[in-house]
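# Structural features, examined
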Amino acid sequence: MFITFEGIEGCGKSTQAKLLYEWLLDNGKEVILTREPGGTPAAEEIRNFILEPREESFPPFSELCLYMAARGFHVENLIKPSLREGIWVICDRFVDSTVAYQGYGRGIDVKLIENLNKEATGGLEPDLTFLIDVPVEVGFERIEKRKQDRMEKEEINFHKRVREGFLEIARANPERVVVVDGRGSADEVLKNIIEILRQRTDAF
Ligand code: T5A
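Source: prediction; values computed, not measured.

## Side note on the site of the ligand
If you check the shell around the ligand, you find 28 residues, and the closest are K13, S14, T15, T98 and R146. For the ligand, an oxygen atom lies 3.2 Å from a polar atom in the backbone of G10. Take R47: an N or O atom from its side chain is 2.9 Å from an oxygen atom of the ligand. Its free accessible area being 1,000 Å², the ligand has 80% of it covered by the protein chains.

The structure is reproduced here in structure tokens:
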């Protein structure tokens, strides 16, 4: 299975991706945990380039192309080979992040992004996506003490548009995307995720 986690900054998806990964290992699954942008050496180099705060203005289309370039390396060198070997893949962010951030957030045409996503992934789609949803204020409260990257420094309305974008993606893809309330404790959220996974697969 190919499972992705999505959501705004500080929603807790990295925490949940790791907890689910550990739960799957404990339950005898062969599974890898990876992330976007990143996941392979070349894609991690692109990640550093994208997220580093910089003086020069960063054109939205350049940003979009870099996320796509990183995705191409990741899908080709890690995700597809793992799935071919029967290994489960959990990925912290994937194609929906580009639609939400560069589409709804930056205002780039969503159809264009969907087409580029298809090219970058060769048509690979997640089997199941957990959208961990929290209000923007809750997410920011959780991450305010740490050093902010270039995306996190964006104004609050940008992140509100991104959240709306994710919810719109969930409405349009109910068979793949499940919205999980991220406001409970990490253990409570994990319990809901495992329950949904049990309903969606006969593997447990
Ligand atoms: N991006 C990415 C795009 O614009 N386009 C794309 O195509 C892609 C793939 C990636 C950035 O790139 C953007 C989106 C991002 O801005 P990143 O560093 O990977 O950058 O950032 P995030 O993925 O947003 O990771 P974060 O760490 O910021 O957010 P998470 O994953 O939501 O948060 P997490 O789990 O690390 O938790 C944050 C804090 O909250 C606590 C944790 O302990 C931690 O301190 N926490 C909770 N607190 C209370 N209750 C809970 N249930 C909690 N769960 C976690």
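Don't stop here, the text continues.
## Topic: the nonpolar core
Formed by 48 residues in total, the largest nonpolar core has its most connected members in F5, L20 and F130. Residues in contact with F130, not counting those within four places in the same chain, are I3, T4, F5, E6, L20, V178, V180, I193 and I196. Core analysis: the second largest hydrophobic core is formed by eight residues, F2, I79, V89 and L124 among them.

## A short note on the sheet that holds strand 5 (residues 177–181)
Strand-to-strand pairing in sheets goes through backbone hydrogen bonds, with the strands running parallel or antiparallel. Read across the sheet, five strands follow the order 2-3-1-4-5 without closing on themselves; strand pairing throughout is parallel. Looking along the sheet, the strands with just one partner apiece sit at the ends: strand 2 (31–35) and strand 5. Pairwise comparison of adjacent strand axes, ignoring direction, gives a mean angle of 20° for this sheet. Sheet analysis places strand 1 (residues 2–6) next to strand 4 (residues 128–133), joined by four bridges and oriented parallel. Within the sheet, the bridge partner assigned to I3 lies in strand 4 and is L128.

## Comments concerning the environment of K80
The topology assignment puts K80 in helix 3 (residues 60–84). On the basis of relative accessible area, K80 is assigned to the partly exposed category, the value being 24%. Along the chain, K80 and F2 lie 78 residues apart, while their C-alpha atoms are 9.7 Å from each other. Not counting chain neighbours up to four residues away, the residues in contact with K80 comprise V75, T121, G122 and L124.

## A word on the environment of R71
Within the secondary structure layout, R71 lies in helix 3. When the C-alpha atoms of R71 and G38 are compared, they prove to be 7.7 Å apart, with 33 residues separating the residues in sequence. Setting aside chain neighbours within four positions, we find R71 in contact with E36, F94, V95, T98, N117, A120 and T121.

## Let's talk about the packing of helix 4 (residues 95–105) against helix 7 (residues 156–172)
Orientation of helix 4 relative to helix 7, taken along the N-to-C sense of each, is 130°, at an axis distance of 8 Å. The angle between the axes of helix 4 and helix 7 places the two elements in the oblique class. Once helix 4 is placed against helix 7, the crossing between them reads as right-handed. Along its contact with helix 4, which presents D96, S97, V99, A100, Y101, Y104 and G105, the element helix 7 presents F158, R161, V162, G165, F166, E168 and I169. For the contact of helix 4 with helix 7, the residue count by class is eight nonpolar, three polar and three charged.

## Quick notes on the pairing of strand 4
Extensive coverage of strand 4 is indicated by the burial of six of its six residues. Of the two faces of strand 4, the one lined by L128, F130 and I132 and the one lined by T129, L131 and D133 are each fully buried.

## Looking at the packing of helix 2 (residues 41–51) against helix 3
Packing of helix 2 against helix 3 brings their axes to within 8 Å, and their N-to-C directions diverge by 160°. Overall, the two elements helix 2 and helix 3 adopt an arrangement that is roughly antiparallel. Every pair of crossing elements has a handedness; the one defined by helix 2 and helix 3 is left-handed. Between helix 2, through A42, A43, I46, F49, I50 and L51, and helix 3, the contact on the second element is made entirely by L66, Y67, A69, A70 and F73. Looking at side-chain class alone, the contact of helix 2 with helix 3 contains 11 nonpolar, no polar and no charged residues.

## What to know about the packing of aromatic side chains
Taken as a whole and judged by the stated rule, the model has seven aromatic pairs. Where Y101 meets F158, the ring centres are 6.1 Å apart and the plane angle is 55°; that geometry is what we call tilted. Of the two residues, Y101 sits in helix 4 while F158 sits in helix 7, which places them 57 residues apart along the sequence. On the basis of relative accessible area, Y101 is assigned to the buried category, the value being 4%. One aromatic cluster is present, built from ring pairs that chain together W23, W88 and F204. Here R54 stacks its cationic end above the ring of F49, 4.3 Å away from the centre of that ring. The positively charged end of R71 is found above the aromatic ring belonging to F94, 5.5 Å away from the centroid.

Criteria and cut-off values
Residues numbered from 1 in each chain as written. Predicted model: local features only at pLDDT ≥ 70, side-chain atom pairs only at ≥ 80, totals over all residues. Heavy atoms only, no water. Near = heavy atom within 4 Å. Polar contact = N/O pair within 3.5 Å; in protein donor to acceptor, adjacent residues only side chain to side chain. Areas by Shrake-Rupley, 256 points an atom, 1.4 Å probe, with all protein chains shown as cover. Core = buried A, V, L, I, M, F, W, Y, C linked by side-chain atoms within 4.5 Å. Buried < 20%, exposed > 50% of the residue type's maximum accessible area, 1.4 Å probe, protein only. Contact = heavy atoms within 4.5 Å. Pairing = 2+ DSSP bridges. Helix = DSSP H or I, 4+ residues; strand = E, 2+ residues; numbered from the N terminus. Axes fitted to C-alpha atoms, helices over the stretch in contact; angles between N-to-C directions. Parallel < 35°, antiparallel > 145°, perpendicular 65-115°, else oblique. Left-handed = near helix turned anticlockwise from the far one by under 90°. Nonpolar A, V, L, I, M, F, W, Y, C, P; charged D, E, K, R; others polar. Phe/Tyr/Trp six-rings, centres within 6.5 Å; stacked < 30°, edge-to-face > 60°. Lys NZ or Arg CZ within 6 Å of the ring centre and 35° of its normal.

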